[in-house]
Amino acid sequence: MIVLYILIGIVLLFALILNIRAHIHVEYEKELTAYAKWAFIKIPILPAPEKEPKPKKEKPPEKEETPEKEETPKKKGPNPLATLYENEQLKGILEILGKLLAIIDKFGRRFANSFVIDEMFLDVEVTKGDAAQTAEEYGKMCRRVFPVTGAVCANCNVKKYSINVEPDFIANPGTRLAFSMELSLNPRKLINAVLMFAFGAIFGVGIRVIKSMKSQNPSDSQNTDGNQQETEKINETNTIESGAQ
């Protein structure tokens, strides 16, 4: 019973660990900063922490070069890609590509589902010094910003967001930008997505491709069998003629 309790405790511990979300915070105002946080662990990403320079190691004395032995050229085997095309033909290859694209599509949806954008804030202030140029630049900036942020909000799980693009007709020329985003990741869903992709790619596509690349084309085998039979017949006729003489 003690062993059973220990196993149950280990399973519950792993389930708890995999359900603790990892957070990634990205912020830009005057410089780009980013850090990752999981439970009580905080890892700085940008700006990258400076590494201490490692002491240089002295190079060992160079060894005298020994004359290399001439290698006998190896015989090249059949091209596996050509064998795959001969066995599957265009129809089979398109079927394999279709299965692979379906697996990648499922993986992409599962992968995106494992991320949640908790907060996304963007403030853009446009000014060009001249009122007409500022209004024109403001329209261009709206055409750049809102389609992208709209696609993000439509295709991702976004809990809270604020997108602000404003013209400033008084300030000095320049574009001012402030951005921050809090991204959370569910490790269990991410591992599940990776495992499902791996199993689908291996058992759905990989095994079939490997078998096709290794197997011999049936038409080639028939040709080789026919050639062997012809050579056997020629040998038999030659032996009969030599015996008659």
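The following paragraphs examine the structure supplied in this document. (Residues numbered from 1 in each chain as written. Predicted model: local features only at pLDDT ≥ 70, side-chain atom pairs only at ≥ 80, totals over all residues. Heavy atoms only, no water.)

Section: the overall build of the protein chain
When helices and strands are counted, the protein chain shows five helices and six strands. The N-to-C order of helical and strand elements in the protein chain reads α-β-β-β-α-β-α-β-β-α-α. Within the protein chain, the fraction of its 245 residues that count as buried is 17%. A fraction of 75% describes how many contacts in the protein chain between residues 6 or more apart in sequence connect residues 24 or more apart. Of the roughly 20000 Å² of accessible surface on the protein chain, a fraction of 61% belongs to carbon and sulfur atoms. (Helix = DSSP H or I, 4+ residues; strand = E, 2+ residues; numbered from the N terminus. Buried < 20%, exposed > 50% of the residue type's maximum accessible area, 1.4 Å probe, protein only. Contact = heavy atoms within 4.5 Å. Areas by Shrake-Rupley, 256 points an atom, 1.4 Å probe, with all protein chains shown as cover.)

Observations concerning the pattern of salt bridges
Scanning the entire structure with this criterion turns up six salt bridges. The salt bridge involving Glu 136 is made with Lys 140; its shortest N-O contact spans 3.9 Å. On the criterion of helical spacing, the pair formed by Glu 136 and Lys 140 is a turn pair, its members being four residues apart in helix H3 (residues 131-155). You can call Lys 140 partly exposed: its relative accessible area is 31%. (Salt bridge = Lys/Arg side-chain N within 4 Å of Asp/Glu carboxyl O.)

Considering the nonpolar core
By size, the foremost hydrophobic cluster in this structure holds 13 residues, and its most contacted members are Ile 117, Val 124, Met 141, Val 145 and Val 165. With residues near it in sequence (within four places) discarded, Val 145 still touches Leu 122, Ile 163 and Val 165. With five residues, the next largest nonpolar core counts Leu 84, Ile 96, Ile 103 and Val 209 among its residues. (Core = buried A, V, L, I, M, F, W, Y, C linked by side-chain atoms within 4.5 Å.)

So, the sheet that holds strand E1 (residues 22-28)
Read across the sheet, six strands follow the order E3-E2-E1-E6-E4-E5 without closing on themselves; strand pairing throughout is mixed. Of all the strands in the sheet, just strand E3 (41-46) and strand E5 (161-167) have a single pairing partner and so form its edges. For this sheet the average axis-to-axis angle between neighbouring strands, irrespective of direction, equals 10°. (Pairing = 2+ DSSP bridges. Axes fitted to C-alpha atoms, helices over the stretch in contact; angles between N-to-C directions.)

Topic: the side chain of Ser 180
Relative to the elements of secondary structure, Ser 180 occurs in strand E6 (residues 174-185). For Ser 180, the contacting residues outside a window of four places in its chain are Val 26, Glu 27, Glu 119, Met 120 and Phe 121.

Concerning a nonpolar patch on the surface
Residues Ile 2, Val 3, Ile 6, Leu 7, Ile 10 and Phe 14 make up a contiguous nonpolar surface patch of about 620 Å² in total accessible area. By the secondary structure assignment, Ile 6 is in helix H1 (residues 2-18). (Patch = residues over 30% accessible without salt bridge, like charges linked within 9 Å, V, L, I, M, F, W, Y side chains within 5 Å.)

Notes on helix H4 (residues 187-214)
Taking 1.5 Å per residue as the helical rise, H4 with its 28 residues ought to reach 40 Å, and the 38 Å between its terminal C-alpha atoms agrees with that figure. At Gly 206, H4 shows its maximal kink, close to 40°. Within the sequence span of H4, burial applies to Pro 187, Ala 193, Val 205, Val 209 and Ser 212. N-cap assignment for H4: the residue whose side-chain oxygen lies 3.1 Å from the backbone N of Arg 188 is Asn 186. (Expected span 1.5 Å × (residues − 1). Bend = angle between axes of the 7 residues up to and from the residue. Polar contact = N/O pair within 3.5 Å; in protein donor to acceptor, adjacent residues only side chain to side chain.)

What to know about the pairing of E6
Here E1 pairs with E6 via seven bridges, running antiparallel. Pairing of Ala 22 across the sheet is with Leu 185, part of E6. Pairing of strand E4 (residues 115-127) with E6, which is carried by 12 bridges, proceeds in the antiparallel orientation. Bridge assignment links Met 120 to a residue of E6, and that residue is Met 181.

Details of unusual backbone geometry
Among all residues except glycine, the phi angle is most often negative; among peptide bonds, the trans geometry is most common. Although it is not a glycine, Ala 39 sits at a positive phi angle of roughly 55°. Among the secondary structure elements, Ala 39 is positioned in the loop between strand E2 (32-38) and E3.

Things to note about the side chain of Thr 134
Its place among the elements puts Thr 134 in helix H3. Apart from residues lying up to four places away in sequence, Thr 134 is in contact with Val 126, Thr 127, Lys 128, Gly 129, Pro 167, Asp 168 and Phe 169.

What about the packing of aromatic side chains?
Under the counting rule described, the total for this entry stands at four aromatic pairs. Measuring from ring centre to ring centre gives 5.8 Å for Phe 107 and Phe 111, while their planes differ by 35°; the resulting arrangement is tilted. Residue Phe 107 and its partner Phe 111 are located together in helix H2 (residues 80-113), separated by four residues, close to a single helical turn. Judged by its relative accessible area of 33%, Phe 111 falls in the partly exposed class. Summarising the aromatic geometry, the rings of Phe 107 and Phe 197 are spaced 4.9 Å apart at their centres and angled 45° between planes, so their arrangement reads as tilted. Highlighted residues: Phe 107 in helix H2 and Phe 197 in helix H4, separated in sequence by 90 residues. Three or more aromatic residues joined by ring pairs make a cluster, and in this case those are Phe 107, Phe 111, Phe 115 and Phe 197. For Lys 42, the ring lying beneath its charged end belongs to Tyr 35, and the centroid distance is 4.3 Å. (Phe/Tyr/Trp six-rings, centres within 6.5 Å; stacked < 30°, edge-to-face > 60°. Lys NZ or Arg CZ within 6 Å of the ring centre and 35° of its normal.)

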